[in-house]
Amino acid sequence: MKLLGLFTSIALFIFSTIAVDLDISDKDSICSAAALIADGTLDYYEGDKYGGTVGMFSNPYYWWESGEAMGSLIGHWFFCQNDTYEDLIYNALIAQKGDDNDYIPKNQSTTEGNDDQGFWGIAVLEAAERNFTNPKDDDTPGWIAMAQAVFNTMWLRWDPDHCGGGLRWQIFTWNSGYSYKNTISTACMFNIACRLGRYTGNDTYFDVAEKAYQWLVDVKFVVEGDEMQVYDGAEIDDNCTDITKSEWSYNYGLLLAGCAYAYNSTEDDTWGDRVDSLLKGCDIFFEDDIMYEKGCQSSGTCNNDQRSFKSIFSRSLGQTAQLVPSTASTIQNWLQKSAEGAAKSCSGGTDGHTCGLDWTKGSWDNKYGLGEEISALEVIQNLLIDERPAPLTNDTGGTSKGDASAGSNPSGSQNQLNQDDLKITGRDKAGSGILTAIVLSALVGGAIWMIL
Ligand SMILES: *[C@@H]1O[C@H](CO)[C@@H](O)[C@H](O)[C@H]1NC(C)=O
Ligand SMILES: *[C@@H]1O[C@H](CO)[C@@H](O)[C@H](O)[C@H]1NC(C)=O
Ligand SMILES: *[C@@H]1O[C@H](CO)[C@@H](O)[C@H](O)[C@H]1NC(C)=O
Ligand SMILES: *[C@@H]1O[C@H](CO)[C@@H](O)[C@H](O)[C@H]1NC(C)=O
Ligand SMILES: *[C@@H]1O[C@H](CO)[C@@H](O)[C@H](O)[C@H]1NC(C)=O
Ligand SMILES: *[C@@H]1O[C@H](CO)[C@@H](O)[C@H](O)[C@H]1NC(C)=O
Ligand SMILES: *[C@@H]1O[C@H](CO)[C@@H](O)[C@H](O)[C@H]1NC(C)=O
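Below: a short report on this structure.

Cut-off values and rules
- Residues numbered from 1 in each chain as written.
- Chains lettered and ligands numbered in written order.
- Predicted model: local features only at pLDDT ≥ 70, side-chain atom pairs only at ≥ 80, totals over all residues.
- Heavy atoms only, no water.
- Near = heavy atom within 4 Å.
- Polar contact = N/O pair within 3.5 Å; in protein donor to acceptor, adjacent residues only side chain to side chain.
- Areas by Shrake-Rupley, 256 points an atom, 1.4 Å probe, with all protein chains shown as cover.
- Nonpolar A, V, L, I, M, F, W, Y, C, P; charged D, E, K, R; others polar.
- Helix = DSSP H or I, 4+ residues; strand = E, 2+ residues; numbered from the N terminus.
- Expected span 1.5 Å × (residues − 1).
- Buried < 20%, exposed > 50% of the residue type's maximum accessible area, 1.4 Å probe, protein only.
- Contact = heavy atoms within 4.5 Å.
- Salt bridge = Lys/Arg side-chain N within 4 Å of Asp/Glu carboxyl O.
- Patch = residues over 30% accessible without salt bridge, like charges linked within 9 Å, V, L, I, M, F, W, Y side chains within 5 Å.
- Lys, Arg positive; Asp, Glu negative; His and termini not counted.
- Charge placed at Lys NZ, Arg CZ, Asp CG, Glu CD.
- Disulfide = S-S within 2.5 Å.

Around ligand 3 lies a shell formed by N152, N202, T204, Y205 and A404. Between an oxygen atom of ligand 3 and a side-chain N or O atom of N202, the distance comes to 2.4 Å. Here ligand 3, which alone exposes 360 Å², has 43% of that area covered by the protein. Counted by class, the shell around ligand 3 contains two nonpolar, three polar and no charged residues.

The structure is reproduced here in structure tokens:
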């Protein structure tokens, strides 16, 4: 018994020293916690391993999450002014940009959806707004130009023929999910439009953003009111009237931050009011002020994608607090309580600092993965929003080059991809269809659980 007691205390001692310590009022503490978690994130990275592809993580995950992870690592580079992973991030952003610099690399064409492309567009916007190292050779467009290519190609897919507008989930006809219109795809384009509008000062982007927002309201994926509600999406068959009502933090986050960028730039109260009621709506993702993924966490059904949503949600909250100062106190409180919970959850695995999914528990919950790491990383590094500048624009020190017409060249990606359509084998089609079907059934499953 005594021996066992000794082992237990040794084990406890080891674990208590290697878990992530966090003092939310101390920048050094925040940055050493963030550095440990950035390392944990990169444990899943394949790009620096033998035989791995630059910009890719180990399975199981979908490609969009790699874009999301790169955005989170840019955040670490920026908030903590730590350039350890600068080259790794840079190489990943370049390697995955695709031949047309619009983040539709051929490798991804069997599975890539509008939201996947959107998340890489969001990653290069993050690079531009944080003044991340610009592309070094003259043949490679600037981060803003690549974000514009993503925006322009997405906007070309705007589909007024079904449900009066919006983007479909999928880009390619052979992917199941092509007949589903979801909030995330339109919200990605909306978020990108608002940020391009603010960065470049070109109001056309806000016109598109307004149209996208209004469509989400018309089709009732967004229900306005004192506390705004944001639902998942609907099939086009019945004109998008049979709505899947699951609520996900990343939809709220991207819409909230988009409105915050638009308000900050235009000072139009319509955008300000939307920020306020979206922020109130976000309350559903907090339990005692600690963030949780309401649609799946308590039922224990979060899939690979869903386990990472708190990362973009945390980042979006940080941006909102910086751009709309009246939201800062609410958001700071949420971030602080959540970061403390996240740090306590980062005490698992053989390294003793693997992050978990449940931040309300006070200890590791045996869940782990890329999503858990980047969510903890974002919520912790966003504690530094008061100490670091707000997202830059072309007028406030941003140095990224743009190209308003990028990606709209008709001989570019769309045509190329249509030609590539023909080369896709039956087996590839079935494979990607099944993948998407699993995601779809998980989604519908989530929705049924919500109703029950
Ligand atoms: C910078 O990040 C690296 C990698 O996570 C870490 O080892 C290093 O300690 C960090 N530097 C500082 C000053 O926090
Ligand atoms: C495409 O995928 C293959 C197989 O995973 C990989 O070897 C190759 O490097 C990838 N190319 C790009 C540009 O990502
Ligand atoms: C503003 O953006 C629109 C939409 O991409 C583009 O057509 C237009 O050329 C841009 N204007 C300027 C001055 O860059
Ligand atoms: C389909 O939905 C859109 C958006 O809600 C609406 O504007 C349109 O009138 C609807 N069409 C039909 C035929 O019901
Ligand atoms: C826009 O953001 C900046 C940076 O945080 C802030 O100083 C400014 O007050 C904001 N503008 C508006 C209209 O809220
Ligand atoms: C942006 O980065 C460039 C190149 O590293 C640097 O010269 C410049 O001072 C930076 N500007 C800001 C506002 O950070
Ligand atoms: C930034 O401003 C400069 C000077 O007005 C302009 O030449 C450049 O096109 C702008 N870049 C972007 C990305 O808007």
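With that out of the way, let us pick up the site of ligand 5. What surrounds ligand 5 is the set Y263, N264, E267, Q322, L323, P325 and A390. N264 is positioned with one of its side-chain polar atoms (N or O) 2.4 Å from an oxygen atom of ligand 5. For ligand 5, an oxygen atom lies 2.6 Å from a polar atom in the backbone of Q322. With the chains in place, 59% of the 360 Å² that ligand 5 exposes on its own is no longer accessible. Of all the elements in the fold, those that place two or more residues in the shell around ligand 5 are helix 9 (249-266) and helix 11 (309-323). Residue classes in the shell around ligand 5 are distributed as four nonpolar, two polar and one charged.

With that settled, the discussion passes to helix 13 (residues 370-381). Taking 1.5 Å as the rise per residue, helix 13 with 12 residues should run 16 Å; its terminal C-alpha atoms sit 17 Å apart, in good agreement. Most of helix 13 sits out of view: 12 of its 12 residues are buried. Those residues of helix 13 not exposed but buried are L370, G371, E372, E373, I374, S375, A376, L377, E378, V379, I380 and Q381. Where helix 13 is buried, its residues contact helix 2 (27-42), helix 3 (63-79), strand 7 (290-291), helix 11 and helix 12 (328-345).

End to end, helix 8 (residues 204-218) covers 21 Å across 15 residues, agreeing with the expected 21 Å (1.5 Å per residue, within 8%). Inspection of helix 8 places Y205, F206, V208, A209, A212, Y213, W215, L216 and V217 among the buried residues, and these make up the whole buried set. Looking at the buried residues of helix 8, the elements they touch are helix 6 (143-156), strand 1 (180-182), helix 7 (183-200), strand 2 (222-223), helix 9 and helix 10 (269-281).

Moving on to the pattern of salt bridges. Counted by the stated rule, this structure contains 13 salt bridges. For the salt bridge of E129 with R195, the shortest nitrogen-to-oxygen distance reads 2.8 Å. Of this pair, E129 sits in helix 5 (residues 114-129) while R195 sits in helix 7, placing them 66 residues apart in sequence. Judged by its relative accessible area of 1%, R195 is buried.

Judged by side-chain charge, D23, D26, D28, E340, D386 and E387 come together as a negatively charged surface patch. Among the residues examined, D386 registers a relative accessible area of 65% and is labelled exposed.

Under the criterion given, the structure shown has four disulfides. Across the disulfide from C163 sits C240; the S-S distance is 2.1 Å. Looking along the S-S bond of the C163-C240 disulfide, the torsion reads about 75°, which is the right-handed sense. Pair noted here: C163 is in the loop between helix 6 and strand 1 and C240 is in the loop between strand 4 (233-235) and strand 5 (243-244), with a separation of 77 residues, a long-range link. We classify C240 as buried; its relative accessible area is 2%. With a sulfur-sulfur separation of 2.0 Å, C296 is cross-linked through a disulfide to C302. Across the S-S bond linking C296 and C302, the dihedral sits near 90°, which makes this disulfide right-handed. Exposure remark for C296: the relative accessible area of 1% places this residue in the buried category. The thiol sulfur of C194 is not disulfide-bonded, and the nearest other cysteine sulfur, from C259, lies at 6.4 Å. Residue C194 is classed as buried on the basis of its relative accessible area of 0%. Taking relative accessible area as the criterion, C259 reaches 0% and is therefore assigned buried.

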